[in-house]
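Spelled out, the chains give:
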Amino acid sequence: MKYSLVLILIILAAVLVLKLVKCDTDYKPSVSFNKPELFHNTDWRIYHMEPDLYRDDGSIMFSYKYLKTTDGTTPTTLANILSSYITGFKQVNKTHVAVAAHSQHCIKMLNRVDNSLRTLAGTCGSTGYVEGGVGTGRLYYPYGIEIDVRNPDRLLVTDYFNHALRSVDLHTGELSTVIKSGFKFPRYIGWADNKLLVSNSHYISQVSWDTDGSVTNIKLAGSLSPGYVDGSFNTSRFYSPLGITRVGYNMYLVADCDNKVLRLLDLNSKQVGPVCFDGETSCTISSQLPDYPWSILKVGEDVYVGMWSKGIYKLSGICGPHNVTVYLDPGQNTATYTLPGCSYTTAYLSEGSYKFLKQCSVYTINVLKSPIVRRLMFVSRYNVSCMHVKNAYNRETLIPSISQQKRHLQTICAPDCNMSAEIETWYKCKNNELTVYWPTDKTFSVATKEVPNKLRDELRERLVGHETEYSNVKFQAPRNRTVEARPNTRGERIHFLLSSTCADKTLRYDSANDLCSKIQL
């Protein structure tokens, strides 16, 4: 017997594992927004965007021919670097912005207080690949800039034509090399915890730092060849990916420029998926944008997309955090919860708090004991004089007939439920209407307001041909008669309802507000 039980448990565990594997196989990352809305119109490409820390009023700072800021209406020019595109910038604090003067081959620093500019790193006007201080170090078309999260006093810069990742000391301007392998025209960078995502010509690479100080750069997703393919990182294809922004736990949006779409990079499942707009086709392939996307920025629950020539568009409706409360059914130690839009059960959850990821949303599932117990009842009503019901002589026949029907109703209840052995059948009579309640052992949590449709239909189907017989009650007087249950508006003589009581017996159930409260003494 012992070994048989162990074998059964092993088989059940194997079935569960197979189910989870199937769920992982079926999983396809995707995300949907509302349709794009124009936020700010320009006549030039939007290279990079950040929330304006200096103004701190919801304005977006962006770079194209100039460095500008806008609240969606009137733009303000912050810096005009002649003879250079500003492909990237990074606000190192509220008052200072490091700027990639792309075609001048250097990094400059903008002071927001007086709008002054100074050279921070490299040698403006000269190309090359040289390490050193200001006027000595050389860059060849610097592109994207990020603060090093491991050392906030250092900037990381993609060196486009040198196919390298460079570093700049914010205090001295010293230019160094982080790694010079695995890149092909690196553009924009973004942090994924302590790893750096880099957009290259047609792929995304990932730079990692080991504890011994060594640095590696691997091709994460995409290929050396252009294309549009969703799926696993190894088989996916991009066509000139550019801006990258984080939208959820290990979820990133990528501006797939020449495909004219956004793509979802899911580091959890190691897959690339589509980004769609509501009202269009089901999300199996990314929806086309009104222009070629270049830069991308998430602020709150909104995403801003900087285009090639048509300004900045705003996407709203991205999924965010969700807090869900799930109640244990009375007498049960676990509850099941299915994530919205998912075809499989997430897990069997005991009392406590859990976190689950679905696409770019984090679901916090709080499993609680139900404060209210909903019990399934079989109910019938009869047109009969309450005077006859109160007659002791009649009760000698009425009570046994009600008990007999309880045994009949057990055949209807099974296998979904059993007639309760703990709670007696009861009845009441008011205004010459007798109501009989047959309680079952089937209980639900406070979240269930009505008898579930599936259960109701199954019980109703079993009652066919028996409803009148199983609902009749008997009286001795007058004339030892049988009384049939009164049909309701749907012609049902036996119907089902949920009776609510408090799980805590020291509390009183308030039916008007559907809650439990202290008993007033």
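Use the structure listed above.
So, here is what we can say about the structure in this document. For clarity, every value in this text was computed on a predicted model and none was experimentally measured. (Residues numbered from 1 in each chain as written. Predicted model: local features only at pLDDT ≥ 70, side-chain atom pairs only at ≥ 80, totals over all residues. Heavy atoms only, no water.)

## Let's talk about the sheet that holds strand β24 (residues 293-299)
Threshold: Paired strands, in this sense, are two strands between which DSSP finds at least two bridges. In this description a helix means any DSSP run of H or I spanning at least four residues, a strand means any run of E spanning at least two, and both kinds are numbered starting from the N terminus. Convention adopted: a line fitted to C-alpha atoms gives each axis, helices being fitted over their contacting stretch, and angles between N-to-C directions are expressed from 0 to 180 degrees.
What the four strands build is an open sheet, ordered β2-β26-β25-β24; its pairing is antiparallel. Both outer strands of the open sheet, β2 (37-40) and β24, are each paired with one neighbouring strand and no more. Strand-to-strand twist in this sheet, taken as the mean axis angle between neighbours without regard to direction, amounts to 30 degrees. Where β2 meets strand β26 (residues 312-315), three bridges bridge the pair, whose relative direction is antiparallel. What sits directly across from Leu 38, in β26, is Tyr 313.

## Considering unusual backbone geometry
The linkage connecting Ala 414 with the following residue, Pro 415, adopts the cis geometry, with an omega of 5 degrees. Of note, Pro 415 is situated in the loop between α3 (392-413) and β33 (426-430). Not every positive phi belongs to a glycine, and Lys 260 is a case in point at roughly 65 degrees. Structurally, Lys 260 can be placed in the loop between β21 (251-256) and β22 (261-266). Of note, the phi angle at Lys 270 is positive, near 55 degrees, even though the residue is not glycine. Take Lys 270: it is sitting in the loop between β22 and β23 (271-277).

## Some thoughts on the nonpolar core
Operational definition: By nonpolar core we mean a set of buried residues, namely Ala, Val, Leu, Ile, Met, Phe, Trp, Tyr and Cys, connected to one another through side-chain atoms within 4.5 Å. Buried means the residue's accessible area, taken with a 1.4 Å probe over protein chains only, is under 20% of the maximum for its type, while exposed means over 50%, and partly exposed covers the values in between.
Core analysis: the largest hydrophobic core is formed by 28 residues, its most contacted members being Leu 376, Phe 378, Tyr 382, Leu 434, Trp 438, Phe 475 and Phe 496. Within the residue set of this core, elements represented by two or more residues are β32 (372-383), α3, β34 (433-444), α4 (453-463) and β37 (495-502). Considering every element that reaches this core, the biggest residue donor is α3, with five residues. Listed in part, the 17 residues of the second largest apolar core include Leu 262, Leu 264, Phe 277 and Val 305.

## Structural notes on the packing of α3 against α4
How we decide: Note on angle classes: values under 35 degrees are labelled roughly parallel, values over 145 roughly antiparallel, values of 65 to 115 roughly perpendicular, and the remainder oblique. Any two residues having at least one pair of non-hydrogen atoms within 4.5 Å are treated as being in contact. By the convention adopted, Pro, Cys, Tyr, Trp, Phe, Met, Ile, Leu, Val and Ala count as nonpolar, Lys, Arg, Asp and Glu as charged, and the other residues, Gly among them, as polar.
Their axes nearest at 9 Å, the elements α3 and α4 cross at an angle of 125 degrees. For the element pair α3 / α4, the angle class is oblique. Across the interface between the two elements, Thr 411, Ile 412 and Cys 413 from α3 touch Leu 459, Arg 462 and Leu 463 from α4. The class makeup of the residues in the contact of α3 with α4 is four nonpolar, one polar and one charged.

## A word on the packing of aromatic side chains
Rules: Under the pairing criterion, centres of Phe, Tyr and Trp rings, with the six-membered ring standing for Trp, must be within 6.5 Å; the plane angle then separates stacked pairs below 30 degrees from edge-to-face pairs above 60, leaving the rest tilted.
This model, assessed by the stated rule, comprises 18 aromatic pairs. Residues Phe 62 and Tyr 64 carry aromatic rings whose centres are separated by 5.9 Å and whose planes lie at 40 degrees to one another, so their mutual orientation is tilted. Residue classification places Tyr 64 among the buried positions, given a relative accessible area of 7%. Members of the aromatic cluster, connected to one another through ring pairs, are Tyr 140, Tyr 141, Tyr 143, Tyr 160, Phe 161, Phe 185 and Tyr 188.

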